[in-house]
Amino acid sequence: MMAIRIPGTKYAVKVEKRLIVRREIPAIVSIASAIAGILLGGLIFIAVGISPIDVYSRIGRIAISPTALMGAIEIALPIMFTSMALVLPFRMAFYNIGGEGQFEVGAIAAMIPVIFYWSGMDLPQFLYLPIMFMLAFIAGGFWGLLPAFLRAKWRVNEILVTLMLNTISLQLIWWLTTPGGPWNEANPAFKERYLAYLKELGVHLIPGFKGTPVIPEFARLPRIPGTLVNSGILVAIIIAAILYFICTKTLLGYEVRVVGDSERGAMYAGINYLKLVLIVMFISGGLAGLGGFIGITAFLPKLSPEIGVAGYGYAGIIVAWLARLNPIACLLVSFFFGILTKSADLLQQELKISRFIAVGFEGLIFILLVLGDFFVHYKVRLIKVRR
Amino acid sequence: MVELTMINQFLIGALTVGTIYLIATLGEVLAERSGIVNLGLEGLMEVGATVGIIVAIFTENPWLGFLTAFITAAIISVIHAFACITLKLNQFASGLALYIFGLGIGITFRGYARDVMLGPKELMKIPKIRLYPVKIPLLGDLPVIGALFSLNVMAYFAVILSIVFWFILFRTRIGLDIRSVGENPAAADAAGINVFRLRYIAVIIGGGMAGLSGAYLMLAHTPQIMGAPIILGRGWIAIALVIFSFWNPLRALLGAYLFGGLEIAYFWLQGIEIFKGVIPLLKAVPHVSAIILLTIMSIEALRRRIGAPEALGKPYSRE
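Being a predicted model, the structure only gives us computed values, none of them experimental.

Enquirer: Whenever I open this one, the overall build of chain B confuses me. Can you help?
Expert: Tallying secondary structure elements over chain B gives 14 helices and 0 strands in all. If you list the helices and strands of chain B from N to C, you get α-α-α-α-α-α-α-α-α-α-α-α-α-α. What you see for chain B is a C-alpha radius of gyration of 20 Å, in line with the 20 Å of a compact globule of 319 residues. For chain B, the C-alpha atoms occupy an extent of roughly 65 × 50 × 40 Å along the three principal directions. Residues counted as buried form 56% of the 319 residues belonging to chain B. For chain B, contacts bridging at least 24 residues in sequence account for 78% of all contacts bridging at least 6. Put simply, chain B shows about 13000 Å² of open surface, and 71% of that area lies on carbon and sulfur atoms.

Enquirer: Sorry, what's going on with the nonpolar core here?
Expert: Formed by 215 residues in total, the largest nonpolar core has its most connected members in M92, L303, W321 and F366 of chain A together with L96 and W236 of chain B. Of the residues forming this core, the biggest block, 13 residues, is contributed by helix α12 (residues 273-299) of chain A. If we ignore the near neighbours within four places in the chain, the residues touching F366 of chain A are I317, I318 and W321 of chain A together with A93, L96, A97 and I100 of chain B. Ranked by size, the runner-up nonpolar core spans 5 residues in total, among them A81, C84, I85 and V203 of chain B.

Enquirer: Teacher, can you tell me more about the interface of chain B and chain A here?
Expert: A common way to state how big an interface is: give the accessible area lost once the parts meet. Between chain B and chain A, the contact holds 46 residues from the first and 45 residues from the second. Both faces combined, the contact of chain B with chain A buries some 4000 Å², and carbon together with sulfur accounts for 84% of it. Summed over the shared surface of chain B and chain A, the number is 0 salt bridges. Those elements giving two or more residues to the side of chain B that touches chain A turn out to be α3 (62-86), α4 (91-117), α11 (234-244), α13 (279-282) and α14 (285-304) of chain B. For the side of chain B that touches chain A, the leading source of residues is α4 of chain B, giving 16 residues. Of the residues that constitute the side of chain B that touches chain A, the class distribution is 35 nonpolar, 9 polar and 2 charged.

Enquirer: Is there a simple way to think about the packing of aromatic side chains in this case?
Expert: What describes a pair of aromatic rings is the distance from one ring centre to the other and the angle between the planes of the rings. Evaluated as defined, the whole model comprises 29 aromatic pairs over all chains. Judged by centre distance (5.7 Å) and plane angle (80°), the rings of F374 of chain A and F375 of chain A are edge-to-face. Relative to F66 of chain B, the ring of W63 of chain B lies with its centre 5.5 Å away and its plane at 50°, an arrangement referred to as tilted. With W63 of chain B and F66 of chain B both in helix α3 and 3 residues apart, this pair spans about one turn of that helix. Residue W63 of chain B is classed as partly exposed on the basis of its relative accessible area of 41%. Residue classification places F66 of chain B among the buried residues on the basis of a relative accessible area of 3%. Through a chain of ring-to-ring contacts, the aromatic side chains of Y117, W118, Y128, Y194, Y197 and F218 of chain A assemble into a single cluster. Just above the ring of Y117 of chain A sits the side chain of R193 of chain A; from NZ or CZ to the centre is 4.4 Å.

Enquirer: Can you walk me through a nonpolar patch on the surface in this structure?
Expert: Taken together, the side chains of I136, L139, L142, I145 and L148 of chain B make up a nonpolar region of the molecular surface, amounting to roughly 380 Å² of accessible area. Examined against the element boundaries, I136 of chain B turns out to sit in the loop between α6 (126-129) and α7 (153-171).

Enquirer: Looking at this model, I keep getting lost on the environment of T227 of chain A. Mind explaining?
Expert: Within the secondary structure, T227 of chain A is located in the loop between α8 (191-201) and α9 (232-249). The spacing of T227 of chain A and P124 of chain A is 103 residues in sequence and 27 Å in space, taken between C-alpha atoms.

Enquirer: How should helix α12 (residues 249-269) of chain B be read in this particular structure?
Expert: Taking 1.5 Å of rise per residue, 21 residues should cover 30 Å, and α12 of chain B covers 30 Å from first to last C-alpha, within 8% of that figure. At the N-terminal end of α12 of chain B, a side-chain oxygen is found 2.9 Å from the backbone nitrogen of L250 of chain B, two or three residues along, and the residue is N248 of chain B.

Enquirer: So what exactly am I meant to see when it comes to the side chain of R234 of chain B here?
Expert: With respect to the element layout, R234 of chain B can be found in helix α11. Apart from the residues within four sequence positions on either side, R234 of chain B is in contact with I20, Y21, E42, M45, L217, H221 and E263 of chain B.

Enquirer: Honestly, empty space enclosed by the protein in this entry has me stumped. Any pointers?
Expert: Summed over the entire model, instances satisfying the criterion amount to 3 cavities of 30 Å³ or more. Quantified by volume, the largest cavity comes out at close to 80 Å³. Forming the walls of the largest cavity are I38, F45, I59, L340, S343, A344, L347, I357, A358 and F361 of chain A. The set of elements that each furnish at least two residues to the lining of the largest cavity consists of α1 (24-47), α14 (327-351) and α15 (357-377) of chain A. A per-element tally of the lining of the largest cavity places α14 of chain A first, with 4 residues. Along the lines of polarity and charge, the residues of the lining of the largest cavity split into 9 nonpolar, 1 polar and no charged. Approximately 60 Å³ is the volume attributed to the second largest cavity. Lining of the second largest cavity is provided by I237, A240, L241, F244, F259, A290, L293 and L294 of chain B. Looking at the lining of the second largest cavity element by element, the count peaks at 4 residues for α11 of chain B. Across the lining of the second largest cavity, the residue classes break down as 8 nonpolar, no polar and no charged.

Enquirer: Help me understand helix α5 (residues 99-118) of chain A, please; the structure alone is not making it clear to me.
Expert: Three- or four-residue spacings in an α-helix give side chains the same orientation, since the helix completes a turn every 3.6 residues. Residues and elements named next belong to chain A. Taking 1.5 Å per residue, 20 residues should reach 28 Å; α5 reaches 29 Å between its end C-alpha atoms and fits that length. Within α5, 18 of the 20 residues are buried, which leaves it mostly tucked inside the rest of the structure. One or two steps after α5, the chain reaches G120, where phi turns positive at roughly 105°.

Enquirer: So what exactly am I meant to see when it comes to the packing of α7 of chain B against α12 of chain B here?
Expert: Each pair of packed helices gets described by two things: the angle between the helix axes and the distance between those axes. Residues and elements named next belong to chain B. As a packed pair, α7 and α12 sit with axes 8 Å apart at the nearest point and diverge in direction by 145°. Two secondary-structure elements touch here, α7 through A155, V159, S162, I163, F165, W166, L169 and F170 and α12 through P249, L250, L253 and Y257. Class assignment for the residues of the contact of α7 with α12 results in 11 nonpolar, 1 polar and no charged.

Enquirer: Any chance you could explain the pattern of salt bridges here in plain terms?
Expert: Two side chains bearing opposite charge may form a pair once their charged atoms approach each other closely. Residues and elements named next belong to chain B. All told, the structure shown has 17 salt bridges over all chains when counted by the stated rule. Put simply, D177 and R173 hold a salt bridge, and the shortest N to O gap is 3.2 Å. With D177 and R173 both in helix α8 (residues 173-183) and 4 residues apart, the pair spans about one turn of that helix. Residue class for D177 comes out buried when judged on its relative accessible area of 13%.

Parameters at a glance
- Residues numbered from 1 in each chain as written.
- Chains lettered and ligands numbered in written order.
- Predicted model: local features only at pLDDT ≥ 70, side-chain atom pairs only at ≥ 80, totals over all residues.
- Heavy atoms only, no water.
- Helix = DSSP H or I, 4+ residues; strand = E, 2+ residues; numbered from the N terminus.
- Rg over C-alpha atoms; globule rule 2.2 N^0.38 Å.
- Buried < 20%, exposed > 50% of the residue type's maximum accessible area, 1.4 Å probe, protein only.
- Contact = heavy atoms within 4.5 Å.
- Areas by Shrake-Rupley, 256 points an atom, 1.4 Å probe, with all protein chains shown as cover.
- Core = buried A, V, L, I, M, F, W, Y, C linked by side-chain atoms within 4.5 Å.
- Buried area = accessible area lost by both parts, 1.4 Å probe.
- Salt bridge = Lys/Arg side-chain N within 4 Å of Asp/Glu carboxyl O.
- Nonpolar A, V, L, I, M, F, W, Y, C, P; charged D, E, K, R; others polar.
- Phe/Tyr/Trp six-rings, centres within 6.5 Å; stacked < 30°, edge-to-face > 60°.
- Lys NZ or Arg CZ within 6 Å of the ring centre and 35° of its normal.
- Patch = residues over 30% accessible without salt bridge, like charges linked within 9 Å, V, L, I, M, F, W, Y side chains within 5 Å.
- Expected span 1.5 Å × (residues − 1).
- Polar contact = N/O pair within 3.5 Å; in protein donor to acceptor, adjacent residues only side chain to side chain.
- 1 Å grid on protein atoms, 1.4 Å probe; cavity = no way out; pocket = protein on both sides within 12 Å on 5 of 7 lines; lining within 4 Å.
- Points joined across faces, edges and corners; volume = space filled by probe spheres on them.
- Axes fitted to C-alpha atoms, helices over the stretch in contact; angles between N-to-C directions.

So, in structure tokens, the structure goes:
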């Protein structure tokens, strides 16, 4: 507890530790830092000589136009998964920064049945989506196990290992999809079926294109009938509900909380850290992997290194933090980030600003959010002092 | 003889690229010795790269580029220092925030500079301001070890810096103070050492070094101005190298040049027949190596009971 007198006035700023943190305070700090971040970000525009008011009015227009909102959902949907993926590990202070890699590995695995299809091996059509879903979850989960194991066994820093794995998975995609690579659309193995398909559509192969063949229609996630919204959103909502249940009503959620409070305390309480962290990271990697499944089956309909450019995994980190590790809040904050990113895309076209400005904004919001945590733990008041 | 010059070329490349890692790693060693992790290196390096090249172009002086890159990154690091030291907040979160912020504005401004500020006339200046290897007469002509005498000026400067950092940390009073602040801040505080001030200094200088490293990458390795990431994970490898070096500036030399070599090896390996089909995977070699090395180091640290500064990552408060 301390008070600092403001010189020349009768007032002082008093800082007190909060004994009880009311539930709404973290949420208020989150919202305040998002708003402050956007306003302060205006300075970036001023620095490059663009009127921030002009920019905000453009963003305002984007935020209400239906087509842009569609685009925002499109960006938000994968982020919903990469952010929800972090809820459990972050709650136990296991810093999984590998959402990006687990997302990419999920996308790779989801592609496997499609690659077989274009090579001439069929499955019943209704099986594709469920199998791709499972493969993405399992592959992402396994990609998450390695850092978990290394951390639990030998205390290898999980932040660094997960980051390195991100680069490795992206290079894996480059290798698969580069011209001459095994999954490149020009691979002779796909020739018969894929070329016939393209001919039907009236399209030609572009020489030197980096990417797999497109996913056939029956293996794409459809829109919800009668709306413009992809049905992936329903999957996201169901998973948010399950995660919420796990966090609040199960032993797993309880153990995660105990470890998050104190790793040593958890040890004395008889919690098997190795087992817990492996389960949590399998779920976490799996959910990020599902993001990859959604990314390719709902929107891109193919796999290419482009998938790594958007940085869905990294955005998930900030979203999870802003959402205070609440899976349902993750859905809403992801949507907010979708609007932010979509706006940046349009600004790039209209004002010739790099779309990386969205990343700058996200970073700024993140910094303010971290600083804002001070107000979660401490009460700051202006008090009147005598003399 | 042909093979000897090839070895020579390889070593020059490895040492030149290794210097990128070395400068950033030294800064992080300093910060972590005082007890503060800075995960923002990657972002600070992007900012340093942007500031360094733009200032160097406009002033036609690479040294002013290095200086301003250092200062800019140091100023941004004040945010991190304030969050971690004064407000005692989560160091990982603050570092990650700095990373994403630096990445975003570093790339945005670089792209903006290329599109709006820099005309063909300015871009023509790049060959004039960039650093070239300087061959020291006679010594530079020696087979193989001649590479040690054919580097750019900053590469030599970085070696001197690591000796200076080592000397300060292990042979001076202020170095002892910094280390004690990182090991046991309460005891250091009781002994009259200003914990908060030393940590601020270490974090700010450490962050500045990351900016310097980014500017070096631009001005001595790949002077390309584009609106896309250019650091490409090197900042994270630098953080891994801190662990590899066991927080010792002289051991950082070894790790930095090793990873310089691994990165440069890509250009040699891709020419070899058996790697023809997997060229993109070769780019992941440094990252796979980093995971393996980190694991070995962590096992070693557990076995020998050595490791990170005791108070690393923990905020210190007097309460």
